[in-house]
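Listed here are the chains, written in short residue letters.
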Amino acid sequence: MKTDQSKNLLDRARQVIPGGISSNVRANWEPFPLFYERGEGSRVWDVDGNEYIDYVLGRGPLLLGHSPREVIEAVTAQFHKGLMYAGQTELEILAAEKIRELVPCAEMVRFASSGSESVHAALRLARAVTGRKKILRFEGHYHGWLDNIAWNFAPPLDPDNPRESPKLFPSSLGQTPEDGANLFVLPWNDLALVQNLFEHHGDEIAGVITEPIMCNAGAIEPQPGFLAGLRDVCDQHGALLIFDEVITGFRVALGGAQAYYQVIPDLAVFAKAMGGGMCVSALAGKETYMRWFGELKTVHAGTYNANPPVMAGVRAALDFLSANEGAMLKKAQTTARRLMERLRELAALTSLPLTIRGVPPVFHVSFVPSPSVPVTDYRTAQQADKALARRFWIELQERGVRVIPEGLWFVSTAHTERDVEETVNAAAAALRAVEQSQGAES
Ligand SMILES: Cc1ncc(COP(=O)(O)O)c(C=O)c1O
């Protein structure tokens, strides 16, 4: 694998862009952050000409693969008519109507440009309509990088940080204790702890925010009854249930995880897949709450909100996914299911504790040595051997398979049976290489 051109560009970038990267998340790459120049379908090429089957897919947005024709044509047509007007277009009505058609909780929709922003709008709205301050969030969930929610995404695990009452840990220097003062944090998937918190503080809690599948800490599914239990406890205490469907939305089902698990939140945040690669997010929810924005009681603003080319892209991406009863989404799910099965076959053959978990078309690959307790939350997910996962990831990249370093794999409508076969062959060889390097060490 050649990397000379990437190295030259990174050296140059570092002179003008801190770290040479525009999102800190991208630092976590080997041998260093690479530069890319082209993507098409399931494939992406870096500036040194290395070709990869891509399961990073922009970290989720490219559910239609790279350069999807339908989205590009819709966006380009609008580009020729104007980039933005700081006024309304029919395109945003069409996009909102489509979301309402697909998503159970989406009686009304407000658009923005990133998931972090729409999470922010959800938290503000929950506080506004309840007149309460506190938000319950869960360890290991990611809801964007803004100050008042970016806490306990990757907290330390030690006896000073008890499971039943976790301490608050900011994600970054620069966040103040006051930013986290209105948060409660609990481990995920433990309804008894949530109920106990509500019994003592129910009248302070404005809302509960959760990824309905804990994608950011290992594609962990909710325990049976957990989401429904959150729904009940919120109803009993007058708090809003907020699903962060930035990853699950339009992916695990056309209606997102709320349709998949049949638990309907009050508010839900969408981004990534909804735009097929355009910078977009949405807050969707029940009219009784969402109308607070329209009545100007709660501020939600943004120069780039619902900008017309992006709205054209959203409509095109969602039409593409949902046509013929969701045939294209089903295709991506089938391809992913097949890939998961084939990787599990490899798991049965290798001495390494390869574990595949998730809801197609998004799944997580990790190495969980036995004896192990079931992985149900952030803390139990830490049993996984991160060094092994890192080596496997590097070996995959060497063999032309590009995945997110933390082990999350996204599959698109553009991935084919041939991609699956090539990926499985590469994975088998990568596992052998990791096994050999382990043997050499011991
Ligand atoms: C579940 C979840 N919520 C929110 C966000 C933040 O979205 P953005 O990066 O668009 O601000 C992310 C980003 O990965 C996410 O995975």
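Residues numbered from 1 in each chain as written. Predicted model: local features only at pLDDT ≥ 70, side-chain atom pairs only at ≥ 80, totals over all residues. Heavy atoms only, no water.

Things to note about the sheet that holds strand β12 (residues 362–367)
The cut-off we apply is this: Strand pairing requires that DSSP identify at least two bridges connecting the strands. A run of H or I in DSSP becomes a helix once it reaches four residues, and a run of E becomes a strand once it reaches two; helices and strands are each numbered from the N terminus. The axes used here are C-alpha line fits, helices contributing only the stretch in contact, and every angle between their N-to-C directions lies in the interval 0 to 180 degrees.
Sheet architecture is open: three strands sit in the order β11-β12-β14, paired in antiparallel fashion. On the outer flanks of this sheet lie β11 (354–359) and β14 (408–410), each paired with one strand and no other. Sheet twist, expressed as the mean angle between neighbouring strand axes with direction ignored, is 25°. Taken together, the six bridges between β11 and β12 define a ladder with antiparallel strand orientation. Bridge pairing links G358 to F363 in β12.

Thoughts on the domain arrangement of the protein
The following threshold applies: The split into domains, and so the bounds of each, comes from an automatic or database assignment of domains. The contact criterion used is simple: two residues touch if any of their non-hydrogen atoms lie within 4.5 Å. Accessible surface is computed with a 1.4 Å probe, and the buried area is the amount of it that two parts give up when combined, taken over both parts together. Here, a salt bridge means any Lys or Arg side-chain nitrogen found within 4 Å of an Asp or Glu carboxyl oxygen. N or O atoms within 3.5 Å of each other form a polar contact, as long as, within protein, one can give a hydrogen and the other can take it, and as long as residues adjacent in sequence are counted only when both atoms are side-chain atoms. Charged residues are taken to be Asp, Glu, Lys and Arg, nonpolar residues to be Ala, Val, Leu, Ile, Met, Phe, Trp, Tyr, Cys and Pro, and polar residues to be all remaining types, Gly included.
What the domain assignment lists for the protein is domain 1 (4–66 + 328–441) and domain 2 (69–321). Distance from the C-alpha centre of domain 1 to the C-alpha centre of domain 2: 26 Å. Facing 27 residues of domain 1, the contacting portion of domain 2 comprises 38 residues. Taken together, both faces of the contact between domain 1 and domain 2 bury some 2600 Å²; the carbon and sulfur share is 68%. Among the residues domain 1 hides against domain 2, the three largest losses belong to L64, Y378 and R379. Together they make up 29% of the total. Taken together, domain 1 and domain 2 are joined by two salt bridges. A salt bridge links R163 to D377; the nearest nitrogen and oxygen atoms lie 3.8 Å apart. Between domain 1 and domain 2 we count nine residue pairs in polar contact (both at pLDDT 80 or more) in total. Secondary structure elements with two or more residues in the side of domain 1 that touches domain 2: α10 (308–349), β11, β12, α11 (378–381) and β14. A breakdown of the residues in the side of domain 1 that touches domain 2 according to their chemical character gives 16 nonpolar, seven polar and four charged.

Notes on the environment of Y55
Positionally, Y55 belongs in the loop between β3 (51–54) and α2 (69–79). Separated by 356 residues in sequence, Y55 and V411 have C-alpha atoms that sit 5.9 Å apart. Ignoring anything within four residues of it in the chain, the contact list for Y55 reads L339, V401, R402, V403, L408, W409, F410, V411, H415, D419 and T423. Polar contacts involving the side chain of Y55 include one to the side chain of T423, which spans 2.6 Å.

Points about the packing of aromatic side chains
Defined as follows: Whether two aromatic rings pair depends on their centres lying within 6.5 Å, for rings of Phe, Tyr and Trp, where Trp uses its six-membered ring; planes under 30 degrees apart make the pair stacked, over 60 edge-to-face, and the rest tilted. Accessible area is worked out with a 1.4 Å probe on protein chains only. A residue is then buried under 20% of its type maximum, exposed over 50%, and partly exposed in between. Here, a charge over a ring means that NZ of Lys or CZ of Arg falls within 6 Å of the ring centre while also lying within 35 degrees of the ring normal.
Inspection of every chain in the model, using the stated rule, returns ten aromatic pairs. An angle of 45° between the planes, with centres 5.1 Å apart, marks the rings of F250 and F270 as tilted. Placement of F250 in the loop between β8 (240–244) and α8 (256–261) and of F270 in strand β9 (residues 267–270) is noted, with a sequence separation of 20 residues between them. As far as the burial class goes, F250 and F270 line up, both buried. These aromatic residues form a ring-pair network of at least three members: Y55, F363 and W409. Here R38 stacks its cationic end above the ring of W45, 4.0 Å away from the centre of that ring. Sitting over the face of the ring of Y36, R402 holds its NZ or CZ atom 4.2 Å from the ring centroid.

Re the pattern of salt bridges
Oppositely charged side chains can form a pair if their charged atoms are brought close together. Per the stated rule, a full pass over the model turns up 28 salt bridges. With its nearest N and O atoms 2.7 Å apart, the salt bridge here joins R379 to E139. On the criterion of sequence distance, the pair formed by R379 in helix α11 and E139 in the loop between β5 (134–138) and α5 (177–180) is long-range, its members being 240 residues apart. The partner of D266 in a salt bridge is R231, with the nearest N and O atoms 2.9 Å apart. Taken together, the residues span a long stretch of sequence, with D266 in the loop between α8 and β9 and R231 in helix α7 (residues 226–237) at a distance of 35 residues.

Side note on the site of the ligand
Convention followed: In these notes, residues near a molecule or strand are those with any non-hydrogen atom within 4 Å of it. Throughout, the Shrake-Rupley method with a 1.4 Å probe supplies accessible areas, and for residues the shown protein chains are the sole cover considered.
Neighbouring residues of the ligand: S114, G115, S116, Y142, H143, G144, E211, N216, D244, V246, I247 and K272. Take K272: an N or O atom from its side chain is 2.9 Å from an oxygen atom of the ligand. About the coverage of the ligand: the protein hides 83% of its 390 Å² of free accessible area. Partitioning the shell around the ligand into residue classes produces three nonpolar, six polar and three charged.

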